[in-house]
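Close look at the chain arrangement
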Amino acid sequence: MKIEAISIRELRMRLKHPFETSFGSTQDRHILLVEVYSDGLTGYGEITVGMGPYYNPETTGTSWHIFCDYLAPLVIGHEIPSPEEIPALLNAIRGHEMTKAAFENAVWDIAAQRECIPLASLLGGTRKEIPCGVSLGIKQHIEDLLADVQRELAAGYQRVKVKIKPGKDFEVAAAIRQRFPGVKLMVDANSAYTLRDADHLRRFDELDLLMIEQPLEWDEIYAHAKLQAHLATPICLDECIHNLRQTEAALDLQACRIINVKLGRVGGHSSARSIAAHCAARSIPVWCGGMLESGVGRAHNIAMSSLPAFTLPGDVSASQRYWDEDIIDPEVEVSSAGMIRVPARPGLGYRVRRDRVESLTVRLQTFRASALSAA
Ligand code: OSB
Ligand code: MG
């Protein structure tokens, strides 16, 4: 397919509630949407970046810059045989995985529309519905968090993840375990600890957690191997994993027993699929993480989660947990059994609400193949 035009736009959307992690609190989201045009079709991707460089090094500002000044000129007017060729095409750009992922994923959306099949099927997905968990932010008062857990379990969610940070960790998880003895529970530290905290982290072994997510530094695989040898609780890596090579290294080093796959962090569907397949071959469970996405990013997460390797409930949950009004129709809904139905319509399987997208847009840049060749 020929990349005839591409655009990047920034939308402002406000989360219903602030979301706090060990690296900070977010409520106002600056959503970057990418649209790719080819053969009369439009594909959508979302750059799942945060406003500041706190989860990973990318920011809204760097994504805009890399997309407009480096990525768009590299791909505009190109004939792309298959979306799987895109990582090689973008290889010259080091890092900036979230920025590259949005473009690649939009091309996957077009490829699925061309074949008139759901994106999930094109990726090799087999699940008709996916199991869902929730990620709960840090709360000032433990009673508020316990009420959150109560509400999400009543809504049907199958597992609960709580954010932790030094000073708000063991007691928080212990209180949830005590109040909800049977709940599938895990914690996510977002890199808030170091190996010096190994004995402290070992206390979590009492709490029968599914896993502890990314306890140590965001770029440090080896220290996680030392920590995993010290803990009974499985470590799940999030921030550390950007590609298949790092996945192989982490598994060879026994730095974790579970991997959180995020489409943005690993650079798009091709990379995510290769990581998932590698983990499945080594009997390592994977699940789909979230980045407080709009409906577009969420729809891509649902398609990826339909792959057979995704055996654990992910952080993919209902639109209404985040937004008063999403930008897709229908919104993502979760059944009382805690499942999301994988759409059977072609492409992403949700209609992007153009009118709503336009009204939320604060900046827009478009690149056209014709304009480029005329210049
Ligand atoms: O570490 O999984 C994370 C949100 C922003 C940045 C990092 C993370 C998260 C979440 C939210 O946990 C998951 C969601 O989208 O609900
Ligand atoms: Mg995480």
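Residues numbered from 1 in each chain as written. Chains lettered and ligands numbered in written order. Predicted model: local features only at pLDDT ≥ 70, side-chain atom pairs only at ≥ 80, totals over all residues. Heavy atoms only, no water.

When you go through the chain residue by residue, the secondary structure sums to 14 helices and 15 strands. Judged by the C-alpha coordinates and their principal axes, the chain covers about 65 × 40 × 35 Å. Among the 375 residues that make up the chain, the fraction classed as buried is 59%. Once local pairs closer than 6 in sequence are excluded, the contacts in the chain between residues at least 24 apart make up 72%. For the chain, the accessible area works out to roughly 15000 Å², and carbon and sulfur atoms hold 51% of it. (Helix = DSSP H or I, 4+ residues; strand = E, 2+ residues; numbered from the N terminus. Buried < 20%, exposed > 50% of the residue type's maximum accessible area, 1.4 Å probe, protein only. Contact = heavy atoms within 4.5 Å. Areas by Shrake-Rupley, 256 points an atom, 1.4 Å probe, with all protein chains shown as cover.)

Looking now at the sheet that holds strand 6 (residues 159-163). The parallel open sheet is built from seven strands, whose spatial order is 5-6-7-8-9-10-11. Each end of this open sheet is capped by a strand with a single partner; those strands are strand 5 (133-136) and strand 11 (286-288). Of the strand pairs in this sheet, strand 5 and strand 6 are connected by four bridges, and their pairing is parallel. Across the sheet, the residue bridging to V134 is V160, located in strand 6. Seen against the sheet, helix 11 (residues 269-281) touches strand 10 (258-261) and strand 11 and runs at an angle of roughly 165° to strand 10. (Pairing = 2+ DSSP bridges. Axes fitted to C-alpha atoms, helices over the stretch in contact; angles between N-to-C directions.)

This brings us to the domain arrangement of the chain. Here the chain is partitioned into domain 1 (5-116 + 354-363) and domain 2 (122-351). Its C-alpha centre places domain 1 at a distance of 22 Å from the equivalent point of domain 2. Between domain 1 and domain 2, the contact holds 39 residues from the first and 44 residues from the second. Regarding the contact of domain 1 and domain 2, the summed buried area is about 3600 Å², with carbon and sulfur atoms giving 64% of it. The interface formed by domain 1 and domain 2 holds three salt bridges in total. Note that R356 is salt-bridged to E325, the shortest N-O span being 3.7 Å. (Domains from an automatic or database assignment. Buried area = accessible area lost by both parts, 1.4 Å probe. Salt bridge = Lys/Arg side-chain N within 4 Å of Asp/Glu carboxyl O.)

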